[in-house]
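Chain residues, written in single-letter form:
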Amino acid sequence: VPMKGLLSGLEIDGFLSPDFTKLYIDEDQYMHRPTRSRFTMAHECGHMVMHQDFLKEHKITSIEGWKKIVLGESSGRAPLETQANIFAGFVLMPTRPLEEELTAIKEELTRSGQFAGKTLPDNKTLAPYIARRVAKVFNVSEQAAENRIARL
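(A) Quick peek at the sheet that holds strand E2 (residues 14-16). If you trace the 3 strands from one edge of the open sheet to the other, you get E1-E3-E2, paired in mixed fashion. The open sheet is flanked by strand E1 (2-3) and E2, the only strands paired with a single partner. Pairing of E1 with strand E3 (residues 23-26) involves 2 bridges; the strand directions are parallel. Of the residues in E3, the one forming a bridge with Met3 is Asp26.

(B) Quick peek at a nonpolar patch on the surface. Where nonpolar side chains cluster on the molecular surface, the patch consists of Tyr30, Met31 and Met41 and spans about 300 Å² of accessible area. Mapped onto the elements, Met41 comes out in helix H3 (residues 34-57). Judged by relative accessible area, which is 31%, Met41 ranks as partly exposed.

(C) Local environment of the packing of H3 against helix H5 (residues 79-92). Between H3 and H5, the least distance of the axes is 7 Å, while the angle of their chain directions is 125°. When the interaxial angle is binned, H3 and H5 end up oblique. The way H3 lies across H5 gives a crossing that is right-handed. Residues Arg38, Phe39, Ala42, His43, Cys45, Gly46, His47, Val49, Met50, His51 and Phe54 of H3 touch H5, and the partners they reach there are Leu80, Glu81, Gln83, Ala84, Asn85, Phe87, Ala88, Gly89, Val91 and Leu92.

(D) Expanded view of the pairing of E3. By the alternation rule, side chains of E3 split into Leu23 and Ile25 and Tyr24 and Asp26, which are all buried. Alignment of E2 against E3, held across 3 bridges, turns out to be antiparallel. Bridge assignment links Gly14 to a residue of E3, and that residue is Ile25. Hairpin connection, E2 to E3: the antiparallel pair is bridged by 6 residues, and Phe20 has positive phi, about 65°.

About the cut-offs
Residues numbered from 1 in each chain as written. Predicted model: local features only at pLDDT ≥ 70, side-chain atom pairs only at ≥ 80, totals over all residues. Heavy atoms only, no water. Pairing = 2+ DSSP bridges. Helix = DSSP H or I, 4+ residues; strand = E, 2+ residues; numbered from the N terminus. Patch = residues over 30% accessible without salt bridge, like charges linked within 9 Å, V, L, I, M, F, W, Y side chains within 5 Å. Areas by Shrake-Rupley, 256 points an atom, 1.4 Å probe, with all protein chains shown as cover. Salt bridge = Lys/Arg side-chain N within 4 Å of Asp/Glu carboxyl O. Buried < 20%, exposed > 50% of the residue type's maximum accessible area, 1.4 Å probe, protein only. Axes fitted to C-alpha atoms, helices over the stretch in contact; angles between N-to-C directions. Parallel < 35°, antiparallel > 145°, perpendicular 65-115°, else oblique. Left-handed = near helix turned anticlockwise from the far one by under 90°. Contact = heavy atoms within 4.5 Å.

Written out as structure tokens, the structure is:
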């Protein structure tokens, strides 16, 4: 459900309704930033899949309550966000297709360019250099691609 001013007013991209039947997303993001919207939706699905029982137990009834429990404000629960981000990365860039793309990129790099004939650095070091290409293949942001490559 697109919602006006969610990001600018409340500083969140999206959230789930207390009964988990609706996913609210910032309307501007939804209309104009498709890769970010896809990530936000996958991220919120991560909360539903991994954290639904925990969140139901806390009976969150407001956006401020959501921010406190999920975002970790004074609760020490920021790991919920990290877990949902990792989940979204796996959904949008599944391991096997990502590995296949990285193999192709690495083969190209070792044949030409600044890495020709050299040993390639590890994925974490290489990630910023190849994130743009991976992002285009998987229709995600460069930041999402870089984070996923670095964790592979």
